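Listed below, chain by chain, are the residues.
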Amino acid sequence: MAPYTCAKFLQDPETQTPVFVRFSTVVGARGSADTAHDPRGFAVKFYTEEGNYDLVGNNLPVFFIRDALKFPDMVHSFKPAPDSNIPTSSSANSRFWDFISLTPESTHMIAWLFSDRGTPKSYRTMEGFGVNTYKWINAAGEARYVKYHWKPKLGVQSLDRHKATALAGTDPDYLTRDLWDTIANGGEAEYELKVQLMDIVDELKQDFDPLDATKTWPEDTFPLMSVGKIVLNRNPENYFAETEQAAFSPGAIVPGIEPSADKLLQGRVFSYADTQRHRLGPNYLQLAINSPHAPVENDQRDGAMQSGSFRGAVNYEPNTLAGGTPEAAPAGPTSMERIEGDVTRRKISLKNDFAQAGDRYRSLSTIDQDHLIDNIVDSLEKADKPMQERMVDHFIEADSELGARVAQGLHL
Ligand code: HEM
């Protein structure tokens, strides 16, 4: 990828970089059924020679919202009700559909999530996506926008609602066991990493906002390019030390990779480390699973559970007392943009909330369309009627047939 990014781990096709990957659910807490209808996290930590790069993605290419400010409310509506503690997927569906039906930009995500993509058959048959738009910067300092895709070697395979529901009762750890047993028996899970690239000057020429996390980029205009592959061939040895204590963050980047001005990503960049200082403690980056394999000298010596072996009285730079060391790493190429305009704080409202949701519906096979509608109706029929009506309005905006079929299923 040398023409596009100076990230050292992406220069030479022969380079092998150790990774740690965590798959996760979003709504379900730890211990919940693996086959619940839910987006899956696909979080990858690359231990590169320049420090850690985290690609914290999901198994669906878009997200519910485009504005980071909405995230806490979104999560509250998805998580168990604050009074009864009853999870959304049981009987508290109204809280989920209440928020979603008042958030029209979520319609595209709903068209993905409520297809059988929401119940992967195996982590080995699940796609992954970076979702947000990032920037790659090459050695000459030229920047491009980039979107990431993981393609499973075994192809995409999902469970239908009935099989997923049955497994939640009979084998709730189905996906974890599948991956663990495959690797324990000498097998592998393999995914190819692909990217879409866009010249920065083309950002405003599209009929959608390429920095909007509720949108995909058309693959005929922005073709997928192969970058490399990840191979998962080693299970953790201590679940708590490694999997539980792993901390991934979209803010963990290496030279040659930057966040874009995507307004969801900008919130993510600081939010993950915030929660990790609380969840794991201020020195969570010193835990073996989180620590870069590249040496680190950052002059930070305090905080609970400090285990660094720093020496001497000089923990600042610039200095003369320690001969000017450690000194700042040489600045690699960074992107430069001229920004002009007004800065304010207001809700992001765009006109094109529904077009890609309709495209997605029409791209599905007949059987996948049937399953999408069946999955939506099965969940939405447990929500209050005004929410059902608002959702039908959104589905009609996306595709009149989709809206009509959901309305029919709900007897509206
Ligand atoms: C403004 C939007 C978002 C915010 C504020 C946010 C925040 C968070 C936070 C605080 C965590 C917990 C981190 C931890 O305890 O280690 C988390 C986990 C996660 N988020 Fe987000 N998130 C957002 C959007 C997204 C999007 C768009 C994706 C998909 C690309 C995503 C994927 C994930 C994944 C995969 C995890 C679990 C990672 C792991 O295994 O540790 N999030 N998110």
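The structure reproduced in this document is the subject of the present report. Predicted model, so just to flag it, every value in this text is computed and none were measured.

Parameters at a glance
- Residues numbered from 1 in each chain as written.
- Predicted model: local features only at pLDDT ≥ 70, side-chain atom pairs only at ≥ 80, totals over all residues.
- Heavy atoms only, no water.
- Near = heavy atom within 4 Å.
- Polar contact = N/O pair within 3.5 Å; in protein donor to acceptor, adjacent residues only side chain to side chain.
- Helix = DSSP H or I, 4+ residues; strand = E, 2+ residues; numbered from the N terminus.
- Nonpolar A, V, L, I, M, F, W, Y, C, P; charged D, E, K, R; others polar.
- Core = buried A, V, L, I, M, F, W, Y, C linked by side-chain atoms within 4.5 Å.
- Buried < 20%, exposed > 50% of the residue type's maximum accessible area, 1.4 Å probe, protein only.
- Contact = heavy atoms within 4.5 Å.
- 1 Å grid on protein atoms, 1.4 Å probe; cavity = no way out; pocket = protein on both sides within 12 Å on 5 of 7 lines; lining within 4 Å.
- Points joined across faces, edges and corners; volume = space filled by probe spheres on them.
- Donors = N, O, S within 2.8 Å, 3.2 Å for Na, K, Ca; no water.
- Arc of directions from axis to C-beta.
- Axes fitted to C-alpha atoms, helices over the stretch in contact; angles between N-to-C directions.
- Parallel < 35°, antiparallel > 145°, perpendicular 65-115°, else oblique.
- Pairing = 2+ DSSP bridges.
- Lys, Arg positive; Asp, Glu negative; His and termini not counted.
- Salt bridge = Lys/Arg side-chain N within 4 Å of Asp/Glu carboxyl O.

## Side note on the site of the ligand
Next up, step 1: Around the ligand, 22 residues are found, and the nearest of them are R22, R268, Y272, Q276 and R279.
Next up, step 2: One of the side-chain N or O atoms of R268 is found 3.4 Å from a nitrogen atom in the ligand.
Next up, step 3: Contact distances for the ligand include 2.8 Å between an oxygen atom and a side-chain N or O atom of R279.
Next up, step 4: Secondary structure elements with two or more residues in the shell around the ligand: strand 1 (19-25), strand 2 (40-48), strand 3 (51-58) and helix 7 (265-279).
Next up, step 5: Per element, the largest residue contribution to the shell around the ligand is six residues, and it comes from helix 7.
Next up, step 6: Partitioned by chemical class, the residues of the shell around the ligand number ten nonpolar, nine polar and three charged.

## Considerations on the nonpolar core
Next up, step 1: In terms of nonpolar packing, the biggest core is built from 37 residues, with F64, W97, I100 and V406 touching the most fellow members.
Next up, step 2: Those elements giving two or more residues to this core turn out to be helix 1 (71-78), helix 2 (93-101), helix 3 (107-113), helix 9 (366-380), helix 10 (385-398) and helix 11 (400-409).
Next up, step 3: Among the elements that make up this core, the one with the highest residue count is helix 9 (five residues).
Next up, step 4: In contact with W97, other than residues within four places in its own chain, are I110, F114, S379, L380, A383, M387 and M391.
Next up, step 5: Counting residues in each nonpolar core, the second largest holds 31 residues, with V21, F42, Y134 and L175 among its members.

## Some remarks on empty space enclosed by the protein
Next up, step 1: Taken as a whole and assessed by the stated rule, the structure comprises two cavities of 30 Å³ or more.
Next up, step 2: By volume, the largest cavity amounts to about 50 Å³.
Next up, step 3: Lining of the largest cavity is provided by N59, R117, P120, T125, M126, E127, V156, Q157 and S158.
Next up, step 4: Estimates place the volume of the second largest cavity at around 30 Å³.
Next up, step 5: Every residue lining the second largest cavity is listed: F9, L10, F46, Y53, L55, Y148 and L193.
Next up, step 6: Tallied by class, the residues present in the lining of the second largest cavity amount to seven nonpolar, no polar and no charged.

## Focus on the coordination of the iron atom of the ligand
Next up, step 1: Exactly one protein atom donates to the iron atom of the ligand; that atom is Y272 (OH), 1.9 Å from the metal.
Next up, step 2: Within the secondary structure, Y272 is located in helix 7.

## Some thoughts on helix 1
Next up, step 1: What helix 1 keeps buried is the set M74, S77 and F78. Along helix 1, the residues classed as buried sweep out an arc of 100° about the axis, all on the same side.
Next up, step 2: Structurally, helix 1 contributes buried residues whose contacts are with helix 2.

## Focus on the environment of F23
Next up, step 1: Relative to the helices and strands, F23 is located in strand 1.
Next up, step 2: Judged by its relative accessible area of 14%, F23 falls in the buried class.
Next up, step 3: The spatial distance from the C-alpha of F23 to the C-alpha of Y123 is 7.6 Å, given a sequence separation of 100 residues.

## As for the layout of surface pockets
Using a probe with the size of a water molecule, rolled over the atoms, empty space left in the structure can be pinpointed.
Next up, step 1: Roughly 1600 Å³ of internal volume is contained in the second largest pocket.
Next up, step 2: If you go around the second largest pocket, you meet 47 residues; those closest to its centre are E50, G51, P292, V296 and N298.
Next up, step 3: At the level of elements, strand 3, strand 9 (257-259) and helix 7 are the ones that each hand at least two residues to the lining of the second largest pocket.

## Brief notes about the packing of helix 1 against helix 2
Next up, step 1: Relative to each other, helix 1 and helix 2 sit at 150°, their axes nearing to 7 Å. With respect to their mutual orientation, helix 1 and helix 2 come out roughly antiparallel. Contacts between helix 1 and helix 2 involve D73, M74, H76, S77 and F78 from the first element and R95, F96, F99 and I100 from the second.
Next up, step 2: Here the residues of the contact of helix 1 with helix 2 sort into five nonpolar, two polar and two charged.

## Some remarks on the pairing of strand 7 (residues 189-199)
Next up, step 1: Burial analysis of strand 7 places nine of its eleven residues in the buried class, the great majority of the element.
Next up, step 2: Alignment of strand 6 (residues 143-152) against strand 7, held across nine bridges, turns out to be antiparallel. Considered in strand 7, the bridge of Y148 is made with V195.
Next up, step 3: Bridge count for strand 7 against strand 8 (residues 225-232) is seven bridges, and the pairing is antiparallel. Within strand 8, the residue paired with A189 across the bridge is L232.

## Description of the side chain of R268
Next up, step 1: With respect to the helices and strands, R268 occurs in helix 7.
Next up, step 2: In this structure R268 is buried but unpaired, with D262 as the nearest side chain of opposite charge at 7.4 Å.

## What to know about the pairing of strand 2
Next up, step 1: Of all nine residues in strand 2, nine are buried; the element is thus mostly enclosed.
Next up, step 2: Judged from the seven bridges that link them, strand 1 and strand 2 form a sheet pairing that is antiparallel. The partner of R22 across the bridge, within strand 2, is A43.
Next up, step 3: Taken together, the eight bridges between strand 2 and strand 3 define a ladder with antiparallel strand orientation. Of the residues in strand 3, the one forming a bridge with G41 is N58.
Next up, step 4: As consecutive antiparallel partners, strand 2 and strand 3 are separated by two residues.

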